Amino acid sequence: MEQAPLLSVRDLTMRFGSLLANDKVSFDVEKGQIVALIGPNGAGKTTCFSCLSGFYAPTSGKVRFDGHDTTGMKPYHTCRLGMTRTFQVVKTMGDMTVEENVLIGAFLRHPDMSTAKARAKEAMEATGMLHLAGKFGKSLTIADRKRLEITRALATEPKLLMLDETMAGLNPTETREAMDLCLKLKGRGITLIIVEHVMEAIMPISDKAIVLDSGRKIAEGRPSDIVRDEVVIKAYLGENYNAKS
Amino acid sequence: MNSGWKIQRGPLIAAAAVMGLLPLLTSNVNLQHILILLVMYAGLGEAWNIVTGLAGQTSFGHSAFFGIGAYAAAVAYWKYGASPWIGMAVGSLIAAAVAAAISYPVFRLEGKYFSIATLAFGEIVLQIFKSWDYVDGATGIIIPVAPASLLNFQFHGLKIPYFYIAYAIFLVSLVTFLAVERSRFGLYLKAIKNNQDAAMSLGINPAKYKLMSMVVSAAITALFGSFYAQYILYIDPFMVFSLDLSLKIVLLTVLGGLGSVWGPILGSALLIPLSEYTRISMGGTGKGIDLMVFGLLIMLVTSFRPKGIVGMLTARPRAAKGGA
């Protein structure tokens, strides 16, 4: 049989007062996959990320990551286990240089300054940010800030990287670059979960898509099947999107 | 980070050396007294700068640690006849322990709420010492005069030995700040200050590192408290636990430049002479004028340069670097 999934989510429920942001969401993510987490605004995608990464403690349900029960674990603990996220609203450390931003991530596995610097350099090379190393975070464009979020997360040497709308607000060239970067990370053996609205960008590179609506999972499957799914098309992708691609 | 340090290193060593030589250039005890307070406040500012400048947590309660250090040295000699140096070491440890104990709940608060809690903490400690019989409450402690010697930490009329003790503690504070700033620990503190969520997502436990910064800062602050008690030879709760003291540390660092190693040095060099001058020339009526002038200066400087005097001085080179 196949090995156990890298991430397994069971009946994940997150309630804010009377609002049910996630309602018994269950799914598995296999090692080495790119998984797209899609759905309309307010479907609970970011909440789901926050529960997985530890920014919220879920109301109920179980999260297992790489053999550990990570339900309700703090973000700095899940990060150490190898699960890191980026943020939809970028959280750049503006008064620090790009290199320092990335160093913070690299320190997680390499407390020693010179090793951490070498690792940070590698991460910046991998994402094509090395030429910006000395720039302050606050001076970067939005595309570069998003790239910095990924670089920083990459420097923690994650097994699972969760990208929250990395492509939103990017122009077509930047989107293309972001897609290439995702594939490159996959090539390095990193598993990715990507929350995305830009269907044209995310569907071609994903191995699996999970569709959320109003906190519930309504579909899961290969992207080519998902885009043909009547319910999904009508409710979430809009009538105009079809499976021509 | 490194290139900035290389540019700064020379001037910083020069400034520290000049500060160390200044009291030898005058035999005026008033001037020497001002210089003693100047290095003391510069050192207090450096210690406070670790928590507030680097980690971004504005503490208004640092007089608590100063006072604990002062009382530890005084009590050690007055009650037990122990060398004030022993009191100093014990006081520093107690201040560190107290810092850890209060940081644990207080660092759950963020921003303004943290600051308010530290303000309250300072007042609570003042009230405790005011009504604590063991240390004679509000009466304070007159430290018994002992033969002048380094061991006894008393030099009677001489100011120079006191200056060099304060200067040595200032150097400890300065070097600690620099070591922290340039280390992984310091970058973690900066990350927490910049964006706590991002820091957490990269594996940093903010509470842990904020607590560590407070412990280091408190331990150094207490050293100055012990020094001050031995220098003045009389302490009471209103002197060493005063909000005025906490505020001075805050104000001079903010004016000089928050988060910069130069900030407390520049701020202290401005505020302390001003403060002593108004005290000497106006006596009791002059109380508070220094802080009024200082408040005004801070409003002016921070309106135009939020990074204080240091920000004004470094604005040009930094802009040039950004454009390159």
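Residues numbered from 1 in each chain as written. Chains lettered and ligands numbered in written order. Predicted model: local features only at pLDDT ≥ 70, side-chain atom pairs only at ≥ 80, totals over all residues.

1. Details of the overall build of chain B
Part 1: Looking only at helices and strands, one finds 14 helices and two strands in chain B.
Part 2: For a compact globule of 324 residues, the expected C-alpha radius of gyration is about 20 Å, and chain B comes in at 19 Å, within 12% of that figure.
Part 3: Dimensions along the principal axes, computed over C-alpha positions, put chain B at roughly 60 × 45 × 35 Å.
Part 4: Relative to its full complement of 324 residues, chain B shows a buried share of 48%.
Part 5: Long-range pairs, those at least 24 residues apart, make up 74% of the contacts in chain B between residues at least 6 apart in sequence. (Helix = DSSP H or I, 4+ residues; strand = E, 2+ residues; numbered from the N terminus. Rg over C-alpha atoms; globule rule 2.2 N^0.38 Å. Buried ≥ 20, exposed ≤ 12 C-beta atoms within 10 Å, placed from the backbone. Contact = placed C-beta atoms within 7 Å.)

2. Observations regarding the overall build of chain A
Part 1: When helices and strands are tallied, chain A shows nine helices and 10 strands.
Part 2: In terms of overall dimensions, chain A is globule-like: its C-alpha atoms have a radius of gyration of 18 Å, near the 18 Å expected for 245 residues.
Part 3: Dimensions of chain A, computed from C-alpha atoms along their principal axes, come out at roughly 50 × 40 × 40 Å.
Part 4: Within chain A, buried positions represent 47% of all 245 residues.
Part 5: Within chain A, contacts between residues separated by at least 24 positions form 64% of all contacts whose residues are at least 6 apart in sequence.

3. Here we look at the interface of chain A and chain B
Part 1: Across the contact, 24 residues belong to chain A and 18 residues belong to chain B.
Part 2: Breaking the side of chain A that touches chain B down by element, the ones donating at least two residues are helix H2 (75-81), strand E6 (83-85) and helix H3 (98-106) of chain A.

4. Quick word on the packing of helix H2 (residues 29-54) of chain B against helix H6 (residues 160-181) of chain B
All names here are of chain B.
Part 1: The N-to-C vectors of H2 and H6 enclose an angle of 20 degrees; their axes lie 9 Å apart at closest approach. Relative to H6, the element H2 is oriented roughly parallel. H2 and H6 meet at a crossing whose hand is left-handed. On H6, the residues that touch Gln32, Leu35, Ile36, Val39, Met40, Ala42, Gly43, Glu46, Ala47, Asn49, Ile50 and Leu54 of H2 are Ile160, Tyr162, Phe163, Ala166, Tyr167, Ile169, Phe170, Ser173, Leu174, Phe177, Val180 and Glu181.
Part 2: When grouped by side-chain class, the residues that make up the contact of H2 with H6 number 18 nonpolar, four polar and two charged. (Axes fitted to C-alpha atoms, helices over the stretch in contact; angles between N-to-C directions. Parallel < 35°, antiparallel > 145°, perpendicular 65-115°, else oblique. Left-handed = near helix turned anticlockwise from the far one by under 90°. Nonpolar A, V, L, I, M, F, W, Y, C, P; charged D, E, K, R; others polar.)

5. Considering the sheet that holds strand E5 (residues 68-69) of chain A
Residues and elements named next belong to chain A.
Part 1: On the basis of which strands lie adjacent, the open sheet formed by four strands has the order E2-E1-E4-E5 and antiparallel pairing. Both outer strands of the open sheet, strand E2 (19-29) and E5, are each paired with one neighbouring strand and no more.
Part 2: The pairing of strand E1 (residues 7-16) with strand E4 (residues 60-65) spans five bridges and is antiparallel. Each bridged residue has a counterpart across the sheet, and for Val9 the counterpart in E4 is Val63.
Part 3: With respect to the sheet, helix H1 (residues 45-53) is in contact with E1, E2 and E4, its orientation differing from that of E2 by roughly 65 degrees. (Pairing = 2+ DSSP bridges.)

6. Things to note about the sheet that holds strand E7 (residues 160-164) of chain A
Residues and elements named next belong to chain A.
Part 1: Read from one edge of the open sheet, six strands run E6-E7-E8-E3-E9-E10, paired in mixed fashion. The open sheet has two edge strands with one neighbour each: E6 and strand E10 (216-221). For this sheet, the mean angle separating the axes of adjacent strands, direction not counted, is 15 degrees.
Part 2: Lying over the sheet, H1 contacts strand E3 (34-38), E6, E7, strand E8 (191-195) and strand E9 (208-213), oriented at roughly 150 degrees with respect to E7.
Part 3: Relative to the sheet, helix H6 (residues 172-187) contacts E3, E7 and E8, its axis offset from that of E8 by approximately 155 degrees.

7. Details of the pairing of E3(A)
Residue and element names in this part refer to chain A.
Part 1: In terms of residue burial, E3 counts as a mostly covered element, since five of its five residues are buried.
Part 2: Residues Ile34, Ala36 and Ile38 line one face of E3 and the alternating positions Val35 and Leu37 line the opposite face, and both faces are buried.
Part 3: In this sheet, E8 lies alongside E3 in parallel orientation, the contact comprising four bridges. Residue pairing for E8: Ala36 is matched across the bridge by Ile194.
Part 4: Examined bridge by bridge, E3 and E9 share four bridges and lie parallel to one another. Considered in E9, the bridge of Ile38 is made with Val211.

8. Focus on the domain arrangement of chain A
All names here are of chain A.
Part 1: For chain A, the domain assignment lists domain 1 (1-82 + 158-245) and domain 2 (93-157).
Part 2: Summarising the inter-unit geometry, the C-alpha centres of domain 1 and domain 2 are found 24 Å apart.
Part 3: Those elements that place two or more of their residues in the side of domain 1 that touches domain 2 are H2, E7 and H6. (Domains from an automatic or database assignment.)

9. Some details on unusual backbone geometry
Part 1: In this structure, Asp66(A) is a non-glycine residue whose phi angle is positive, near 50 degrees.
Part 2: Positionally, Asp66(A) belongs in the loop between E4 and E5.
Part 3: Positive phi, normally seen in glycine, also occurs at Asp136(B), with a value near 60 degrees.
Part 4: Structurally, Asp136(B) can be placed in the loop between helix H5 (112-130) and strand E1 (141-142).

10. What about the packing of helix H3 (residues 63-80) of chain B against helix H4 (residues 84-106) of chain B?
Residues and elements named next belong to chain B.
Part 1: H4 packs onto H3 with a crossing angle of 145 degrees between their chain directions and a minimal axis gap of 7 Å. Regarding H3 and H4, the two cross each other, and that crossing is right-handed. Residues Phe65, Ile68, Gly69, Ala72, Ala73, Val75, Ala76 and Tyr77 of H3 form the contact with H4, whose participating residues are Pro84, Ile86, Gly87, Met88, Val90, Gly91, Ser92, Ile94, Ala95, Val98 and Ala99.
Part 2: Taken together, the residues of the contact of H3 with H4 break down into 15 nonpolar, four polar and no charged.

11. Some words on H3(B)
All names here are of chain B.
Part 1: Along its 18 residues, H3 runs 25 Å from first to last C-alpha, staying within 8% of the 26 Å computed at 1.5 Å per residue.
Part 2: Among the 18 residues in H3, 16 count as buried, and that is most of the element.
Part 3: Directly after H3, the chain includes Gly81, whose backbone phi takes a positive value near 65 degrees. (Expected span 1.5 Å × (residues − 1).)

12. Some thoughts on the confidence of the model for chain B
Caution applies to low-pLDDT regions: their predicted coordinates should not be interpreted in detail.
Part 1: Residues at a pLDDT of 70 or more form 94% of chain B, whose mean pLDDT is 89.
Part 2: Between residues 317-324 of chain B, whose pLDDT stays under 50, and residues either more than four places distant or in other chains, the model counts one contact. (pLDDT = per-residue confidence, 0-100.)

13. Regarding the environment of Leu119(B)
Residue and element names in this part refer to chain B.
Part 1: By the element assignment, Leu119 lies in helix H5.
Part 2: Taking C-alpha positions, Leu119 is 8.8 Å from Ser246, a pair spaced 127 residues apart along the chain.
Part 3: Once residues within four sequence positions are removed from consideration, Leu119 is found in contact with Phe60 and Gly61.

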